[in-house]
Amino acid sequence: MSALPGLDDCVHCGLCLPVCPTYAIDRRESQNPRGRIAALRAIEEGRSAPTPGLLRGLDDCLVCRACESACPSGISMEGLMMEHRSRTSDARSDGRTVAERWFLRAVVSSPGVLDRFLGVARLGRSLLPAALLPDTPGPSRLRPARAASPPAATSRLSTETKGRAVLLRGCIADRVQDRETRLAARLLSHFGFEVSISAPGCCGALQRHSGLVDLARELSLERARDLLSGEPDAIVVDSAGCGSALHEPLSDAPELHAVAERGTDTPSLLATIGLPPPPHPIPGPVVFAPPCHQSHGTRSTEATRSLLEHITEGEVVLLPGEEQCCGAAGTYFLRRPAKSRQLGERAKERWERGGRVKTLATGNPGCLLRWESLLRREPGVEVAHPVTLAARAYGLESEER
Amino acid sequence: MTPIRRRRRDDRRLLRALERWLPPSRIIRDPGECALYDTDGLTLHRAPPGGVLLLESADEVEEAVRCCVSHGVPFVPRGAGTGLSGGAIPLDHAWVLDLSRMDRVLEIDPLERTARIEPGVVNLDLDRAAAAQGLRYAPDPSSQRACTVGGNIAENSGGPHCFRHGMTTRHIESLEVVLPDGTRTILAAPSPGRADPRGLFVGSEGTLGIAVEATVALVARPEAVRTQLASFPSLAAACRAVSRVIAAGARPAALEILDRLTIKAVEASVFRAGYPLDAEAVLLVEAEGSAEEIEQETAVVQAACEAEAALAFETADDPVARERLWRGRKGAFGAMGRVARDLYVLDGVVPRTRLAEVIERITKVGERHDLVLSNVFHAGDGNLHPNLSFDARDPEQCARVLAAGDEILRICVEAGGTLSGEHGIGLEKRDHMHLVFDAGELATQERLRAAVDPAGLANPGKVIPGGRGCVEAGHRGPPGSGERTARRIEEVLG
Ligand SMILES: Cc1cc2nc3c(=O)[nH]c(=O)nc-3n(C[C@H](O)[C@H](O)[C@H](O)COP(=O)(O)OP(=O)(O)OC[C@H]3O[C@@H](n4cnc5c(N)ncnc54)[C@H](O)[C@@H]3O)c2cc1C
Ligand code: SF4
Ligand code: SF4
């Protein structure tokens, strides 16, 4: 079998150690980026058998990509993990891996099945006490899909169009933050963009991280064709995980590259036009917890931070240790519940250390759910997508349920 | 506490003894996982450990050492494994005692300007904790984001700012150590007329025991700091500019040079600093002190650079811009991964006045062996880091790298320099010790070591030549000799 692409990029310098969340917990070599790459190399070069210890270290990678931003040598942990997981996927038969694959193949990849699945989940979630399902989202976040109403253009500030923008609905993102998608549509429309909303459907991001690469490629191509059909100037993705996946094409297909080129998020798009002062600024402070895939994938946190600063009266602070994943990490919370929870607790400690700021902004479905669950017992705390806060500041939120 | 009886090496019984008090999650025996500890920042050599222990307290370190000693098993302390001389490579299937979980800053005393820390504290975390009190931990190795202060103590590490502030050894107030026989002692300032035990321990590379706690000195953060960047048409011109700066009596906090290949690699990385890509070399100078001192020093540096026909000169006063200029320097080694998958970072020291001439000879060595050679160095101290890029999977390349490394070390010594500025001797330069020490001196060092470590179990095969220690994987070295007559440790240290 050919060498894993990018495996030679690491010089074993160790500069990535301090940013790796799994190393922060375990402090074992198999749980840090340097060790993971060394493990892949040792296995490939036949110096080590794929022992349980090595495989566990590889499985435990969150693919949060913090190491990629820390690495002077330019490794791609996402690329390595995708390839490794894809090569070993068929050989794995433990219950959690099988369940995860089924979920990603059969449920997430098809909007209809996902709807039915969420219907059952919602019922289960309302019947069972939260204590039994600590990591699962509350019923309100599991709404069945609603028809995507293109926003009324009545509230437009100017008649001159700023360009055509299409919004990605996604799969899980569509259920968890469908309201946010509609708010983004209102915002963009308000500021002069011609907005349309895509049909629901999965972009392949979760499958990519779990090594279902062919499926991921197929789904991303399907999405790309759909997104490009209206010949948009900008493709707006406000779910960082999806944005990051669409940012990095899995093949040479021109559609994928067209999407990558035009891909952006609402804060970045708004930054291109310059916003007036908001009529109803958000009372600060606000703490911004950038999703990992926004920090290390799309690398678009600056625009979100500026938008938050623009719409907030008072301070916008960055979550301390913001490069450390909250543990949600796509389907990680299903696959590695204990470790995921541990990382969640640490994230909450960082929120406490950062002054227990009552408004927390983060722009990714997994992170929203995770923070809602982490802070659900904290009185008066709101976890919100940056887009929601922006819509509120411009008086557009109340129009949307 | 059980009394220690020394036995023949028995790893299985050691394991059983350890399992009595260490949870299984903190004993690594999985062969694949163990093999991840077979190297450090020097990937030229590999040797897998017998096992790895993730230790969490001074008491645990003490108990682990006692267990190792009573079962005749060698052991090697390890921090972050960023060492560049192979210090943490476990020869003789030694067991690795990993200290990275001992990462607490226990106390900062702003009046005494000291910090009491555990050995696994990451260098930069200590500096950040000090900064919260307006203080600073001065030694700043380029690996400071990752390396531990315990490792710094063991290697007597330096960093760009050590030109002004001194190496790690200048910043150690006292140490608590577990000696190689499992006893615990405190090393502090000596009474008048006696040898300083701290000086003996700092830089001992894990061969004289394990630091389990340290009290380190902090310094005031400077009133003002200015970073200056000059680029040059040749590496020699940059070196001469450094000589001019020093000859003019200036004492900057740091004087660092990067050559063209390094600049290119860095600029292609996430550590890009905006270094000019058309330069053959850049010089980074940092001035600290009062605003007036800084202005004076800038004038001196600028004049020196102009005299050497600098291509460009840039200064930065605000922290963000300064951080950007330093980023490139701090990411330099890692960025070389863009050239090849392995990097051998040498560490020779030469008299500052001979920098340009030595660099030229070293460049020729690289060419002769057909190797990619880049240079980054602490020019103020004459501490060179010629870097050889290679692929460790190719034995023929490794042989060329070793041969070139050998020649480079000889050139440094011939020029009146020495083997190591800050990375230590470890495994890498063990067999070059005779270039700088005669047989008598080496014998004295060996006697001293035997007195502290009669069983020869602490980081065997490092620093002192003598043929002990096997690098090849799968090959068992001779068991640690327990027969050497021991002088009492107190006699040596007291
Ligand atoms: C990118 C990069 C840049 C670097 N830049 C510099 C630099 O500018 N200046 C510099 O001096 N070095 C530099 N180094 C080398 C290295 O970072 C230092 O030697 C550092 O001090 C090693 O710390 P560590 O925690 O990684 O130690 P390790 O590599 O884990 O161990 C190093 C040695 O210390 C021993 N040891 C570890 N902890 C203890 C303890 N508590 N008690 C006793 N012995 C112990 C080990 O047995 C071993 O012999 C660099 C390395 C890299 C990879
Ligand atoms: S920072 Fe990059 S090159 Fe260095 S050890 Fe980590 S992955 Fe390897
Ligand atoms: S992707 Fe995240 S979890 Fe995986 S090695 Fe990198 S930093 Fe660690």
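Residues numbered from 1 in each chain as written. Chains lettered and ligands numbered in written order. Predicted model: local features only at pLDDT ≥ 70, side-chain atom pairs only at ≥ 80, totals over all residues. Heavy atoms only, no water.

Caption draft 1: Structural view of the overall build of chain A. In terms of helices and strands, chain A carries 20 helices and 10 strands. Counting over 401 residues, chain A shows a buried share of 58%. Taking as baseline every contact in chain A between residues at least 6 positions apart, the subset at least 24 positions apart corresponds to 76%. A total accessible area of about 15,600 Å² is found for chain A, and carbon and sulfur atoms account for 55% of it. (Helix = DSSP H or I, 4+ residues; strand = E, 2+ residues; numbered from the N terminus. Buried < 20%, exposed > 50% of the residue type's maximum accessible area, 1.4 Å probe, protein only. Contact = heavy atoms within 4.5 Å. Areas by Shrake-Rupley, 256 points an atom, 1.4 Å probe, with all protein chains shown as cover.)

Caption draft 2: Structural context of the packing of helix α2 (residues 33-44) of chain A against helix α5 (residues 77-88) of chain A. All names here are of chain A. The geometry of α2 relative to α5 is characterised by a closest axis approach of 12 Å and an angle of 40° between their N-to-C directions. If you check the angle between α2 and α5, you find them oblique. Considering the relative orientation of α2 and α5, their crossing is left-handed. Judged by residue contacts, Pro33, Arg36, Ile37 and Leu40 of α2 engage Met77, Leu80, Met81 and His84 from α5. Grouping the constituent residues of the contact of α2 with α5 by class yields six nonpolar, one polar and one charged. (Axes fitted to C-alpha atoms, helices over the stretch in contact; angles between N-to-C directions. Parallel < 35°, antiparallel > 145°, perpendicular 65-115°, else oblique. Left-handed = near helix turned anticlockwise from the far one by under 90°. Nonpolar A, V, L, I, M, F, W, Y, C, P; charged D, E, K, R; others polar.)

Caption draft 3: Spotlight on the domain arrangement of chain B. Residue and element names in this part refer to chain B. When the domains of chain B are assigned, the result is domain 1 (2-98), domain 2 (105-220), domain 3 (224-333), domain 4 (340-428) and domain 5 (432-493). Between domain 4 and domain 5, the residue contacts involve 10 residues of the former and eight residues of the latter. Here domain 4 packs against domain 5, burying approximately 820 Å² in sum over the two surfaces, 73% of which is carbon and sulfur. A per-residue breakdown of the area domain 4 buries against domain 5 is headed by Leu419, Ile425 and Leu427, which together make up 46% of the total. At the surface where domain 4 touches domain 5, the tally comes to zero salt bridges. (Domains from an automatic or database assignment. Buried area = accessible area lost by both parts, 1.4 Å probe. Salt bridge = Lys/Arg side-chain N within 4 Å of Asp/Glu carboxyl O.)

Caption draft 4: Spatial organisation of the site of ligand 2. Residues in close proximity to ligand 2 total 13 residues, the closest being Cys10(A), Cys13(A), Gly14(A), Cys16(A) and Cys71(A). A class-by-class count of the residues in the shell around ligand 2 yields nine nonpolar, three polar and one charged. (Near = heavy atom within 4 Å.)

Caption draft 5: Fine view of the pairing of strand β8 (residues 172-178) of chain B. Residue and element names in this part refer to chain B. Summarising burial for β8: five of the seven residues are buried, a large majority. In this sheet, strand β10 (residues 210-217) lies alongside β8 in antiparallel orientation, the contact comprising six bridges. Bridge pairing in β10 places Ser174 opposite Thr215. Strand direction decides the pairing type here: β8 and strand β9 (residues 184-187), joined by four bridges, are antiparallel. Opposite Glu176, over in β9, you have Ile186 as the bridge partner. Hairpin connection of β8 to β9: five residues between the antiparallel strands, including Gly182 at a positive phi of 90°. (Pairing = 2+ DSSP bridges.)

Caption draft 6: Expanded view of the domain arrangement of chain A. Residues and elements named next belong to chain A. Here the domain parsing of chain A yields domain 1 (7-93) and domain 2 (282-399). Put simply, the middle of domain 1 and the middle of domain 2, counted by C-alpha atoms, are 27 Å apart. In this complex, domain 1 contributes 22 residues to the contact, which on the side of domain 2 involves 18 residues. A combined buried area of about 1,600 Å² lies between domain 1 and domain 2, and 50% of that area is made up of carbon and sulfur atoms. If you look at where domain 1 meets domain 2, you find four salt bridges. With a closest N to O distance of 2.3 Å, Asp60 and Arg336 form a salt bridge. At the boundary of domain 1 with domain 2, the tally comes to 10 residue pairs in polar contact (both at pLDDT 80 or more). Counting only elements with at least two residues in the side of domain 1 that touches domain 2, the list comes to α1 (21-26), α3 (52-59), α4 (66-70) and α5. With five residues, α1 is the single largest residue contributor to the side of domain 1 that touches domain 2. (Polar contact = N/O pair within 3.5 Å; in protein donor to acceptor, adjacent residues only side chain to side chain.)

Caption draft 7: Representation of the environment of Arg353(A). With respect to the element layout, Arg353(A) can be found in helix α18 (residues 337-353). In this structure, the C-alpha to C-alpha distance between Arg353(A) and Pro320(A), residues 33 residues apart in sequence, is 7.4 Å.

Caption draft 8: Inspection of the site of ligand 1 at higher detail. Around ligand 1, the structure places 35 residues, and the nearest of them are Pro77(B), Gly79(B), Thr82(B), Ser143(B) and Thr148(B). This site is not confined to one chain, since residues near ligand 1 come from chains A and B. Within the backbone of Gly83(B), a nitrogen or oxygen atom sits 2.8 Å from an oxygen atom of ligand 1. For ligand 1, whose unbound accessible area comes to 970 Å², protein coverage reaches 99%. The element contributing the most residues to the shell around ligand 1 is helix α5 (residues 149-155) of chain B, with five residues. Residue composition of the shell around ligand 1, grouped by class: 14 nonpolar, 17 polar and four charged. Each of domain 1 (2-98) and domain 2 (105-220) of chain B contributes no fewer than three residues to the shell around ligand 1.

Caption draft 9: Here's a closer look at the packing of aromatic side chains. For the structure on display, the rule yields one aromatic pair over all chains. Ring geometry for Phe191(A) against Tyr394(A): centres 5.0 Å apart, planes inclined by 90°, an arrangement best described as edge-to-face. A residue pair is termed long-range when its members are at least 10 positions apart, and Phe191(A) in the loop between α9 (178-190) and β2 (193-197) and Tyr394(A) in the segment after α20 (386-393) qualify at 203 residues. Considered together, Phe191(A) and Tyr394(A) belong to a single accessibility category, that of buried residues. Its end group placed over the ring of Tyr23(A), Arg27(A) keeps NZ or CZ at 5.5 Å from the ring centre. Over the ring of Phe333(B) we find Arg329(B), and its NZ or CZ is 5.7 Å from the ring centre. (Phe/Tyr/Trp six-rings, centres within 6.5 Å; stacked < 30°, edge-to-face > 60°. Lys NZ or Arg CZ within 6 Å of the ring centre and 35° of its normal.)

Caption draft 10: Broad picture of a positive patch on the surface. On the surface, Arg12(B), Arg13(B), Arg16(B), Arg20(B) and Arg29(B) cluster together into a patch of positive charge. When you line up the elements, Arg20(B) lands in the loop between α1 (11-19) and β1 (27-28). (Patch = residues over 30% accessible without salt bridge, like charges linked within 9 Å, V, L, I, M, F, W, Y side chains within 5 Å. Lys, Arg positive; Asp, Glu negative; His and termini not counted. Charge placed at Lys NZ, Arg CZ, Asp CG, Glu CD.)

Caption draft 11: Inspection of helix α19 (residues 365-374) of chain A at higher detail. Residues and elements named next belong to chain A. Most of α19 is tucked away, with eight of its 10 residues classed as buried. Looking at α19, one finds that the buried residues are Pro365, Cys367, Leu368, Leu369, Arg370, Trp371, Ser373 and Leu374. At its buried positions, α19 is contacted by α8 (172-176), α9, α17 (332-335), α18, β9 (359-361) and β10 (382-384).

Caption draft 12: Main features of the pattern of salt bridges. Tallying each qualifying case throughout the model produces 64 salt bridges over all chains. Of the charged contacts, one joins Arg184(B) and Glu62(B) as a salt bridge, the two residues approaching to 2.8 Å between their closest N and O atoms. Placement of the pair is Arg184(B) in strand β9 and Glu62(B) in helix α3 (residues 58-70), with a sequence separation of 122 residues. You can call Glu62(B) buried: its relative accessible area is 10%. In this structure, Asp342(B) engages Arg341(B) in a salt bridge whose closest nitrogen and oxygen atoms are separated by 3.3 Å. Taken individually, Asp342(B) and Arg341(B) each receive the classification buried, so the pair is uniform in this respect. One connected set of salt bridges, linked through shared partners, spans Asp8(A), Glu45(A), Arg47(A), Arg341(B), Asp342(B), Asp391(B) and Arg393(B).

Caption draft 13: Region of interest: the side chain of Gln397(B). Residues and elements named next belong to chain B. Topologically, Gln397 is positioned in helix α14 (residues 395-414). Classification of Gln397 by relative accessible area gives buried; the value is 19%. Ignoring anything within four residues of it in the chain, the contact list for Gln397 reads Phe390 and Asp391.

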